[in-house]
Amino acid sequence: MNFDFTPEQLAIKKMITQFVDSEIKPYAADADQKEIFPAEQIKKLARLGVMGMSIPKKYGGAELDNISQAIIMEEVSRGCNATAVTMGAHASLTCHPIVNFGTEDQKKRFLPKLASGEYLGAFALTEPNAGSDAVNVQTTAIRDGDKYIVNGNKIFITNGGKADLICIVTTTDKSKKHNGLSIFAFEPKKTEGFSLGKKEDKLGLRGSNTQELVFRDMRLPKDNLIGGVEGEGFKIAMSVFNSGRIGIGMQGVGIAQAAFDECLKYVQEREQFGRKLHKFQALQFMLADMATKIEAARLLCYKAADIKDKGKRYVKAAAMAKLYGSDVAMEVTRAAIQIHGGYGYMKDYPLERFYRDAKITEIYEGTSEIQRLVIAAELLGRGF
Amino acid sequence: MNIIVCIKQVPDTNEVKIDQKTGTLIREGVPTIMNPDDKHALIEAIKIKNKHKGKVTVISMGPPQAEEALRESLAFGADEAILLCDRAFAGSDTWATANAIGAAIKHIGNYDLLLFGRQAIDGDTAQVGPQVAEFLSLPQITYAQKIELGEGKVKVERQMEEGYEVIEAALPCLITCVSEINEIGYPSLHGIKEAYREKEVRVLSAEEIEVDKYKIGLLSSPTSVKKSFTPPAKGQGQILKGSTKEVVEKLVSILKEKEIIGAF
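Computed from a prediction, not measured in an experiment: that's the story for all the values here. Along every chain, residues carry numbers that run from 1 in the direction the sequence is written. Key to labels: chains lettered from A, ligands numbered from 1, both in the order written. Totals for whole chains, interfaces and linings use all residues, but because this is a predicted model, local features are given only for residues with pLDDT of at least 70 and pairs of side-chain atoms are given and counted only at 80 or more. The side-chain figures draw on all heavy atoms in the structure; neither hydrogens nor water molecules are used.

Q: Which parts of the structure should I look at to understand the overall build of chain A?
A: Of regular secondary structure, chain A possesses 12 helices and nine strands. The buried label applies to any residue whose accessible area, calculated with a 1.4 Å probe on protein chains only, is under 20% of its type's maximum; exposed applies above 50%, and partly exposed to all values in between. When burial is assessed residue by residue, chain A has 58% of its 384 residues classed as buried. The Shrake-Rupley method, run with a 1.4 Å probe sphere, supplies the accessible areas, and residue values consider only the shown protein chains as cover. In the form shown here, chain A has an accessible surface area of approximately 16500 Å², with 53% of it arising from carbon and sulfur atoms. All tallies of charge rest on Lys and Arg as positive and Asp and Glu as negative; His and the ends of each chain are not included. Here the site of a charge means atom NZ of a Lys, CZ of an Arg, CG of an Asp or CD of a Glu. Of the charged side chains in chain A, 53 are positive and 47 negative, and the gap between their average positions amounts to 1 Å. Labels follow the DSSP assignment, with helices taken as runs of H or I lasting at least four residues and strands as runs of E lasting at least two, numbered in each case from the N terminus.

Q: Explain the overall build of chain B here, please?
A: Looking only at helices and strands, chain B has six helices and 13 strands in total. In terms of its C-alpha atoms, chain B occupies a principal-axis envelope of roughly 70 × 45 × 40 Å. Burial status across chain B gives 43% buried among its 264 residues. Whether two residues are in contact is decided by their heavy atoms: any pair within 4.5 Å suffices. For chain B, restricting intrachain contacts to residue pairs at least 6 apart in sequence, the fraction spanning at least 24 positions comes to 69%. Split by element, the accessible area of chain B, about 15400 Å² in all, is 50% carbon and sulfur. If the 32 positive side-chain charges of chain B are averaged to one point and the 38 negative ones to another, these points end up 3 Å apart.

Q: Sorry if this is basic, but what is going on with the interface of chain B and chain A here?
A: One frequently used descriptor of interface size is the decrease in accessible area upon assembly of the parts. Between chain B and chain A, the contact holds 12 residues from the first and 22 residues from the second. A quick way to say it: buried area is the sum, across both parts, of accessible area lost when two parts are put together, with a 1.4 Å probe. Taking both partners together, chain B and chain A bury about 1400 Å²; carbon and sulfur atoms supply 59% of that area. Only one rule defines a salt bridge in this text: a Lys or Arg side-chain nitrogen within 4 Å of an Asp or Glu carboxyl oxygen. The interface formed by chain B and chain A contains three salt bridges. Between glutamate 8 of chain A and arginine 197 of chain B there is a salt bridge, with the nearest N and O atoms lying 2.7 Å from each other. Throughout this description, a polar contact denotes any pair of N or O atoms lying within 3.5 Å of each other; where both atoms belong to protein, one of them has to be capable of donating a hydrogen while the other can accept it, and for residues adjacent in sequence the pair is counted only when both atoms sit in side chains. In this assembly, chain B and chain A are joined by 10 residue pairs in polar contact (both at pLDDT 80 or more). When residues of the side of chain B that touches chain A are traced back to their parent elements, those giving at least two are α2 (67-76) and α5 (189-197) of chain B. Amino acids outside the nonpolar list (Ala, Val, Leu, Ile, Met, Phe, Trp, Tyr, Cys, Pro) and the charged list (Asp, Glu, Lys, Arg) are all regarded as polar, and Gly is one of them. Across the side of chain B that touches chain A, the residue classes break down as five nonpolar, two polar and five charged.

Q: I tried to follow helix α6 (residues 244-257) of chain B on my own but got confused; where do I start?
A: Residue pairs three or four apart in sequence face the same way in an α-helix, which turns once every 3.6 residues. Each helix should span, by expectation, one fewer than its residue count multiplied by 1.5 Å. Under the 1.5 Å per step criterion, the end-to-end length of α6 of chain B is 20 Å for 14 residues, consistent within 8% with the ideal 20 Å. Glutamate 259 of chain B lies just past α6 of chain B and shows a positive phi near 60 degrees.

Q: Explanation requested: the sheet that holds strand β13 (residues 201-204) of chain B in the structure shown.
A: Pairing between sheet strands relies on hydrogen bonds along the backbone, with the strands arranged either parallel or antiparallel. Residue and element names in this part refer to chain B. An order of β11-β10-β9-β12-β8-β1-β6-β7-β13 is seen for the nine strands of this open sheet, with the pairing classed as mixed. A single partner strand is all that each edge strand has here, and the edge strands are β11 (164-170) and β13. Averaged over all neighbouring strand pairs, the angle between strand axes comes to 35 degrees, with direction disregarded. Think of it this way: DSSP has to see at least two bridges between two strands before they count as a pair. Bridge analysis of strand β9 (residues 140-149) against strand β12 (residues 173-177) gives three bridges, and the strand direction is parallel. Directly across from alanine 144, in β12, lies its bridge partner cysteine 177. Across the sheet, helix α3 (residues 94-108) lies against β1 (2-7), β6 (55-61), β7 (80-84), β8 (113-117) and β13, angled at about 150 degrees from β6, the strand it touches most. To obtain an axis, a line is fitted to C-alpha atoms, over the contacting stretch when the element is a helix, and the angle between two such axes runs from 0 to 180 degrees between their N-to-C directions.

Q: I'm lost on empty space enclosed by the protein in this one. Help?
A: Empty pockets left among the atoms are what a rolling probe the size of a water molecule brings to light. All names here are of chain A. Using only the protein atoms, space was sampled on a 1 Å grid; points where a 1.4 Å probe fits but cannot get out form cavities, open sets with protein on both sides within 12 Å along at least five of seven lines form pockets, and lining residues are those with an atom within 4 Å of a point. Grid points are joined across faces, edges and corners, and a volume is the space filled by probe spheres set on the points. Scanning the entire structure with this criterion turns up two cavities of 30 Å³ or more. The volume enclosed by the largest cavity comes to roughly 50 Å³. Ala28, Ala31, Asp32, Cys80, Asn81, Ala82, Leu205, Arg206, Gly207, Arg353 and Asp357 together form the lining of the largest cavity. Broken down by secondary-structure element, the contributors of at least two residues to the lining of the largest cavity are α2 (28-33), α5 (81-101) and α11 (351-359). In terms of residues, the lining of the largest cavity owes the most to one element, α2, which gives three residues. The residue makeup of the lining of the largest cavity, split by class, is five nonpolar, two polar and four charged. The computed volume of the second largest cavity comes to approximately 30 Å³.

Q: Help me out: how do you make sense of the packing of helix α1 (residues 7-24) of chain A against α5 of chain B in this one?
A: To characterise two packed helices, one gives the angle between the axes of the helices and the distance between these axes. Following both chains from N to C, one finds α1 of chain A and α5 of chain B inclined at 155 degrees, their axes separated by 10 Å at the closest point. When the interaxial angle is binned, α1 of chain A and α5 of chain B end up roughly antiparallel. Relative to α5 of chain B, α1 of chain A is oriented so that their crossing is right-handed. Residues Pro7, Glu8, Ala11, Ile12 and Met15 of chain A of α1 of chain A form the contact with α5 of chain B, whose participating residues are Leu189, Ile192, Lys193, Tyr196 and Arg197 of chain B. Split by residue class, the contact of α1 of chain A with α5 of chain B holds seven nonpolar, no polar and three charged. Angle categories are assigned with fixed cut-offs, so that under 35 degrees is roughly parallel, over 145 is roughly antiparallel, 65 to 115 is roughly perpendicular, and the rest are oblique. For any helix crossing, the convention is left-handed if the near helix is rotated counterclockwise from the far helix by under a right angle, and right-handed if that rotation is clockwise.

Q: What's the story with the side chain of lysine 193 of chain B in this structure? I'm lost.
A: The residue lysine 193 of chain B is located in helix α5 in this model. Comment: no salt bridge for buried lysine 193 of chain B; closest opposite-charge side chain is glutamate 8 of chain A, at 5.1 Å. Beyond its immediate chain neighbours, meaning those up to four positions away, lysine 193 of chain B contacts Glu8, Ala62, Glu63 and Leu64 of chain A together with Glu198 of chain B.

Q: How should the confidence of the model for chain B be read in this particular structure?
A: Low-pLDDT portions of the prediction should not be read for the details of their coordinates. As a per-residue measure, pLDDT tells how confident the predictor is, with possible values from 0 to 100. Per-residue pLDDT for chain B has a mean of 92; in total, 98% of the residues score no lower than 70. For this predicted complex, the interface score ipTM comes out at 0.92, while the overall pTM is 0.90.

Q: Explanation requested: the environment of leucine 373 of chain A in the structure shown.
A: Residue and element names in this part refer to chain A. Looking at the secondary structure, you find leucine 373 in helix α12 (residues 368-380). The exposure class assigned to leucine 373 is partly exposed, which follows from its relative accessible area of 47%. Spatially, the C-alpha atoms of leucine 373 and alanine 141 are 30 Å apart, while their sequence positions differ by 232 residues.

Q: Even after reading the chapter, I still don't get α5 of chain A, so can you show me in this structure?
A: A rise of 1.5 Å per residue sets the reference length of α5 of chain A, with its 21 residues, at 30 Å; its end C-alpha atoms lie 28 Å apart and thus fit the reference within 8%. Bend, at a single residue, is the angle you get between axes fitted to the 7 residues ending at that residue and the 7 residues starting at it. Bending of α5 of chain A peaks at approximately 45 degrees at the position of cysteine 95 of chain A, with proline proline 97 of chain A no more than four residues after it.

Q: Which parts of the structure should I look at to understand the pattern of salt bridges?
A: Pairs may arise between side chains of opposite charge once their charged atoms sit close together. Residues and elements named next belong to chain A. Using the criterion set out here, one finds 44 salt bridges over all chains in the structure. In this structure, lysine 176 engages aspartate 173 in a salt bridge whose closest nitrogen and oxygen atoms are separated by 3.9 Å. Its relative accessible area of 25% is what places aspartate 173 among the partly exposed residues. In this structure, arginine 298 engages glutamate 295 in a salt bridge whose closest nitrogen and oxygen atoms are separated by 2.7 Å. Taken as a pair, arginine 298 and glutamate 295 lie in helix α8 (residues 281-309) at a separation of three residues, close to a single helical turn. With relative accessibility at 12%, the residue arginine 298 sits in the buried group. One network of salt bridges, with partners in common, ties together Asp32, Lys347, Glu352 and Arg356.

Q: It is not clear to me how the side chain of arginine 206 of chain A should be interpreted in this structure. Could you clarify?
A: All names here are of chain A. As for its position among the elements, arginine 206 is in the loop between β6 (194-199) and β7 (210-221). Reaching out from arginine 206, the side chain makes a polar contact with the side chain of aspartate 201 at a distance of 3.0 Å. Within the structure, arginine 206 has its side chain in polar contact with the backbone oxygen of lysine 202 (distance 2.3 Å). Here arginine 206 is in contact with Ala31, Asp32, Glu35, Asp201 and Arg356, once residues within four sequence places are set aside.

Q: Which parts of the structure should I look at to understand the packing of helix α7 (residues 233-269) of chain A against α11 of chain A?
A: Residues and elements named next belong to chain A. Between α7 and α11, whose axes approach to 10 Å, the crossing angle comes to 160 degrees. Relative to α11, α7 is oriented roughly antiparallel. Remark: the crossing between α7 and α11 carries left-handed chirality. Note on element contacts: α11 touches α7 through Leu351, Phe354, Asp357 and Ala358, opposite Ile255, Ala258, Ala259 and Glu262. Its residues assigned to classes, the contact of α7 with α11 comprises six nonpolar, no polar and two charged.

Following this line, the structure appears as structure tokens:
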């Protein structure tokens, strides 16, 4: 048991903390209020190698360990969640299937561009009737010679309207249910039959892009089938979400930490009844609870990342990290508004943004209910 | 173009608090950082290297923990790092420090340009750079805000209180840099990983750099700190309230009281 970071992890933490404080956090309020897509911040993150953090060095990536990736996710989330989700959909959801399941040709074609940030990635599973019920994907990919013809639509896709490379989950054989799912990677800006649908107007993460994707007889070369074999899609998607859960857990931790930092400052400045707020035991207790929960959530995430780094099964740990991290994000941001009173409710302060941004962590990449099913399945030995 | 940059690890003075009872700095738990001016010198060296090719070697004298500042230099893109670490160096003043660093630079040899920060935020002396130039009998230019390399020479804008001087010198020479010379930015993830996995920090002792042992360390230092004290904290400002007429009257009476203005 060792709770220390390596010197390299510490150096990464120091760099990303400074970067977030001066290059990301100052733009978060504007990104939210004016719905500004964080393109500039993403470019800067790419220059630091962050967009390629999960990609092997031989394809131009930084090939970071999972603890370091978790550190980065927490810090970026602490600064701006619209930026964090844009980064996460790219570095986790999109890169993971290609890095871990792509053919050598697919890795060579796509990874260097994803690593450098020349390409922004998106991963598309959700449909009007398929989300938690991933097996019910209706988007079809039918083999036609050297091509596949894709029809259907995807909704709520992070980076959907901005991406240069999208991984889509399709069914190549409906009769086989989950064994009939297949994932394709394609370049939307170079592909006919692809169009963008509705851009979503969201409660939080308002600077991020969430959009519908529409496929009408979209023809994709067979070489774009991830892994080159049909029917692997469900397995790949589950692997993507397992891995992504650590990131969402850390996103929750980052949001909670940002809210807590504001509270710690506020209670030492604000006076009521002739005393600074931090003199009131009721508020001290709230702060103590917040800090304890944040630390517990963070440690669950690090533990899941550590198990993953060691190459062991981390399904349960990642689900716990995501479940608890998102719970803590909600609890802490709610308490943070309470501590700030009326000010917390106003848009001049960031607290209400944190609260709005926190909610999605209980929903995307597997709802809290799905996490509980995963944890229970692991406990009861059914597998998932 | 071989460039040697000298850096110092210093306590982050923004984080230093003062012990109200003793009036001394509380150093415990204070993070250390690469001295800011030195970081600008390092970034300038890397910029020059990227443009003119060559190698950047970073030297620091200090305790084993100073390795962290050297690793940071490597992460920014320096090629080699040397830590001068030896009990014999302990307590060196600026002159003794310059002797050690000068000897180390001689030991490394084959350099075209030596870059230093203007001064360190802990001692604020701005002496070590110039003293090393004297030790090595090199031309020196201090307070550089811009460096341009020519054939065997260098042209430097030297910051003055009002405006700047343009100075040319033959290479090799020693330049100390001010913070206006560049923007620092951040080390990349690739840079950090290389710094910790592929590059080395070489530790050299007093013996290895062949420095005269009577010219280093506390006992050989011609200057010593006689006393450290903290200037008294400034009192709170006073805010005058009321109509313009009232405020001005109050202000004038206070200024008179303090004998800042005379009676009219």
